[in-house]
Amino acid sequence: MHHKSIRQLSQHLQQKDISSVELTQHFLQRIQQHNPQLNCFVTVTEQQALAQAKAADAAIAAGTASALTGIPMSHKDIFCTHGVKTSCGSKMLDNFIAPYDAHVVAKMNHQAGMVMLGKTNMDEFAMGSSSETSYYGVVKNPWDLETVPGGSSGGSASAVAARLTPMATGTDTGGSIRQPAAFCGLTGLKPTYGVVSRFGMVAFASSLDQGGPMTRSAEDAALMLNAMAGFDPRDSTCLNREVEDYTVNLNQSLAGLKIGLPKQYFNADLDSGMAQKLEAATNLLISLGASVHEVDLANTHLSVPVYYVVAPAECSSNLSRFDGVRYGYRCDKPVDLTDLYKRSRGEGFGAEVKRRIMMGTYALSAGYYDAYYLKAQQLRQLISDDFKQAFTQVDVILSPTAPSTAFKMGEKTHDPVTMYLSDIYTIAVNLAGLPALALPAGFINQMPVGMQLIGNYFSESRLLNIAHRYQQQTDWHVQMPAGFA
Amino acid sequence: MSFSQTDVAKIAHLARIALNEQDVAVYAENLSNIIELVEQMNSIDTTGIVPMAHPQDMAARMRDDVVTETDQRQLYQSIAPLTEAGLYLVLKVIE
C-alpha cells in the first residue's frame, strides 16, 4: 500500500477496497518500525489519526468525501496543530501546545479530510540545510544513513522517501523544500510567494517563507497543492486569486516549450557528474518538444550574500517574540526582567538560531541599516529583474537543485558559511518570490540527483506539467531506498 | 570587517541573548566569516535602485474596520509559563 500514488490511494478508498483506518494503521506501523532509525518524526499522533480516519471512512460511506479524504499525510513541525505540540525543532517550543490550527492544517485535515499521522523533524526554526540543528537530534537520509536528508524540511523528506507517509508539508525560505527533495529523491514544490497562507506557520523570514508539497511525483504534488493553496485573509501577503486545479494541465504537450539554461549555473564550477545528469534530462525534454536557450542571471552570484542579510534581519525581528513570558521556554529563577529575557533566549535557542538572530540584530542596528538591509533589498530588486528579463525569452529555467548529492553528517556543521553555500541554486528564487520545483534526475553513487525548474509567477501548473511529462518517461522518482521496501 | 569579542557581547545584549564566555569567541569568528560573505554585496553599485518591497508590487490589502478576533485570553494563557488574574507575570521592573 505504501508504494501507491495519491491518486491510486484515493481510488482504493473511493472503491472501498481499503478503509482509511486500515491505511492509517499501515503507515503508523511503518513509522513505528522505521522512525527509530531515521528520526524523521518528532511526534506521532496515533489516536488523533485513527479518529480522523474513522471520520473519513464515515464521509466516504456517506458520499460526502473529497478526492483526498482519508489519505494519510504528515506536517512539518512548523505548522501549528491545535492541541498537538508544535516545536519547530526547538527547545524554546518543546512545551508549546498550539492553541489553534495553521490555515494549511485547517484546509488539509479539516476541510479535505486528510489524516495527520504526525509532525516531522526539522532544522531548528527552519534554519539549516541538513536537519542537523534540531533539538530532537539529527534526521537521517534513508538512501544512506550516514548522510543528511537536507534541510530544513529534512524530516518530511526522509519520511516520504522511506514511504512512512504518502506526502508531507514543507516550508521553503531559501531552499528548504527543494534541497531536501533533491537529497532524498523526491518532488518538492515551492509555490509563488503568496499562494499558500503563512497563517499558523511559525515565522522565520516572512518575506521569503512559503509552504509547499513534498511528494514522490509531480502528480501527487499537484493533488496536494490543490488542498494547500488558497486565499486566507489572515495572512496579509496571501494573494486573492481564482482557485486553480493544478492537475488539469499535467498531460499537456511540451511542444514549443522554451527552456533557459543560466550561463552562471552551467559553468566550470558545476560538478561534472551533475552536469551529465542534467544534460541527459535536458535532452529528454528536447525529445518531448522543448528547445534550449542560454539565459543570463547576471546578479545571481549575490543571492547568498543578500539572503544572509534579509533572512537574519527578518528572523531577528520575528524571533523577538520568544521572551519567556507568554509561551515557550522560561529560564529557571531569573533575577530580573533582563535576565529572564536573556537566559530564556540563551538557553532556549540553539547555536545556529543565535548566530542568525545576532547577524540580523547587527544588520538592523543603528547606523548600519543602509549598508546592509537597504543595500540587500536593492540587490534583491536586481536579482528579481534578471528573472523578469529571462522570462521574456524562455518559459522555464532549468538548473541543479543543489551543488552535490547528499553530504555526510557532520561534514559542514563546523563552518556555517560552507553550509550556507549548499543553497546557491535555490535562494535566488525566494528572493524573487518565484515558484520552483525540484525533482529527481538520476543517481550518482546510488544517491539521488536533483533538478530544479524555475517558472514565472503563478506558473506552478506548467512546472508540474513539465515534471509530470518527464516522470512519465523516467523511473527515478519510483525508485526505493533499500531497507525500506 | 571582523567582529571582536566585545562587539559580539554588545550585539548579544541588543538581541537579549545570554552567551557563555567561551561561546563569545566562537560567535565572533562565525559572524566575521558571515559578514565577509555579506560584504560581497559591495561589488555592485546600487545607487538609485528602488529597494524591493514585495515581489508582485502589490498594495497592502485593506479590510473593514470591524472586530474579527474573539476573546481567547484563557486559551492563550493556558500555555503561558506564569499568569495571575488574566495577567502575564514578570519580575518587578519599577521599584
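Structure's up top.
Residues numbered from 1 in each chain as written. Chains lettered and ligands numbered in written order. Predicted model: local features only at pLDDT ≥ 70, side-chain atom pairs only at ≥ 80, totals over all residues. Heavy atoms only, no water.

Draft legend 1. Highlighting the overall build of chain B. Counting secondary structure elements, chain B contains 3 helices and 2 strands. Its C-alpha atoms give chain B a radius of gyration of 22 Å, clearly above 12 Å, the size a compact globule of 95 residues would have. Judged by the C-alpha coordinates and their principal axes, chain B covers about 55 × 45 × 25 Å. The buried share among the 95 residues of chain B stands at 27%. Of the contacts made within chain B by residues no fewer than 6 positions apart, 30% connect residues no fewer than 24 positions apart. When the accessible surface of chain B is split by element, carbon and sulfur atoms take 52% of a total near 6800 Å². Averaging the locations of the 6 positively and 14 negatively charged side chains of chain B gives two centres separated by 11 Å. (Helix = DSSP H or I, 4+ residues; strand = E, 2+ residues; numbered from the N terminus. Rg over C-alpha atoms; globule rule 2.2 N^0.38 Å. Buried < 20%, exposed > 50% of the residue type's maximum accessible area, 1.4 Å probe, protein only. Contact = heavy atoms within 4.5 Å. Areas by Shrake-Rupley, 256 points an atom, 1.4 Å probe, with all protein chains shown as cover. Lys, Arg positive; Asp, Glu negative; His and termini not counted. Charge placed at Lys NZ, Arg CZ, Asp CG, Glu CD.)

Draft legend 2. The interface of chain A and chain B, seen in detail. Every contact between the two is made by 68 residues of chain A and, on the other side, 48 residues of chain B. Both sides together, the interface formed by chain A and chain B hides about 5000 Å², and carbon and sulfur atoms give 71% of it. On the chain A side of the interface with chain B, the three residues burying the most area are A:Lys342, A:Met358 and A:Gln378, jointly 13% of the side's total. Put simply, chain A and chain B have 0 salt bridges between them. Where the side of chain A that touches chain B is concerned, the elements lending two or more residues are helix H9 (303–318), helix H10 (337–348), helix H11 (351–363), helix H12 (370–390), helix H13 (416–420) and helix H14 (427–432) of chain A. Ranked by the residues each element gives to the side of chain A that touches chain B, the list is headed by H12(A), at 12 residues. Tallied by class, the residues present in the side of chain A that touches chain B amount to 40 nonpolar, 16 polar and 12 charged. (Buried area = accessible area lost by both parts, 1.4 Å probe. Salt bridge = Lys/Arg side-chain N within 4 Å of Asp/Glu carboxyl O. Nonpolar A, V, L, I, M, F, W, Y, C, P; charged D, E, K, R; others polar.)

Draft legend 3. Here's a closer look at a nonpolar patch on the surface. All names here are of chain B. A contiguous nonpolar patch, built from Leu 75, Tyr 76 and Tyr 88 and spanning about 230 Å² of accessible area, is present on the exposed surface. Turning to its location among the elements, Tyr 76 is positioned in helix H3 (residues 73–77). A residue is classified by how much of its surface remains accessible, and Tyr 76, at 31% relative accessible area, is partly exposed. (Patch = residues over 30% accessible without salt bridge, like charges linked within 9 Å, V, L, I, M, F, W, Y side chains within 5 Å.)

Draft legend 4. Representation of the nonpolar core. Core analysis: the biggest nonpolar cluster contains 157 residues, and A:Phe125, A:Leu285, A:Val306, A:Phe387, A:Ile397 and A:Leu464 have the highest contact counts within it. Ranked by the residues each element gives to this core, the list is headed by H9(A), at 9 residues. If we ignore the near neighbours within four places in the chain, the residues touching A:Val306 are A:Ala376, A:Leu379, A:Arg380, A:Ile383, A:Leu431 and B:Met41. Among the nonpolar cores identified, the runner-up in size contains 20 residues, and A:Ala181, A:Met214, A:Ala402 and A:Ala438 belong to it. (Core = buried A, V, L, I, M, F, W, Y, C linked by side-chain atoms within 4.5 Å.)

Draft legend 5. Quick look at the environment of A:Leu164. Residues and elements named next belong to chain A. The topology assignment puts Leu 164 in the loop between helix H5 (154–161) and strand E4 (168–172). Along the backbone, Leu 164 and Met 73 are 91 residues apart, and their C-alpha atoms lie at a distance of 9.3 Å. Setting aside chain neighbours within four positions, we find Leu 164 in contact with Phe 27, Arg 30, Ile 31, His 34, Asn 35, Leu 38, Cys 40, Phe 41, Leu 117 and Ala 159.

Draft legend 6. Just unusual backbone geometry, in detail. The step from A:Gly151 to A:Ser152 runs through a cis peptide bond, and the omega angle for that step is 10 degrees. Mapped onto the fold, A:Ser152 is located in the loop between strand E3 (115–120) and H5. The phi dihedral of A:Asn39 is positive, around 55 degrees, even though this residue is not glycine. With respect to the helices, strands and loops of the structure, A:Asn39 is situated in the loop between helix H2 (20–38) and strand E1 (41–44). Despite not being glycine, B:Ala85 shows a phi value in the positive range, around 50 degrees. With respect to the secondary-structure elements, B:Ala85 resides in the loop between strand E1 (83–84) and strand E2 (87–88). Overall, the relative accessible area of 73% leaves B:Ala85 in the exposed class.

Draft legend 7. Molecular detail of the pairing of strand E11 (residues 447–455) of chain A. Of all 9 residues in E11(A), 9 are buried, a share of seventy percent or more. Connecting the antiparallel pair strand E10 (residues 436–444) of chain A and E11(A) is a turn made up of 2 residues, with A:Asn445 showing a positive phi of about 50 degrees. (Pairing = 2+ DSSP bridges.)

Draft legend 8. Local environment of the packing of aromatic side chains. Residue and element names in this part refer to chain A. Counted under the stated rule, the structure contains 19 aromatic pairs over all chains. Residues Phe 387 and Phe 391 carry aromatic rings whose centres are separated by 6.4 Å and whose planes lie at 20 degrees to one another, so their mutual orientation is stacked. Each member of the pair, Phe 387 as well as Phe 391, carries the same accessibility label: buried. One aromatic cluster is present, built from ring pairs that chain together Phe 96, Phe 125, Phe 322, Tyr 327 and Phe 349. Against the face of Phe 407 rests Lys 412, its NZ or CZ located 4.9 Å from the ring centre. (Phe/Tyr/Trp six-rings, centres within 6.5 Å; stacked < 30°, edge-to-face > 60°. Lys NZ or Arg CZ within 6 Å of the ring centre and 35° of its normal.)

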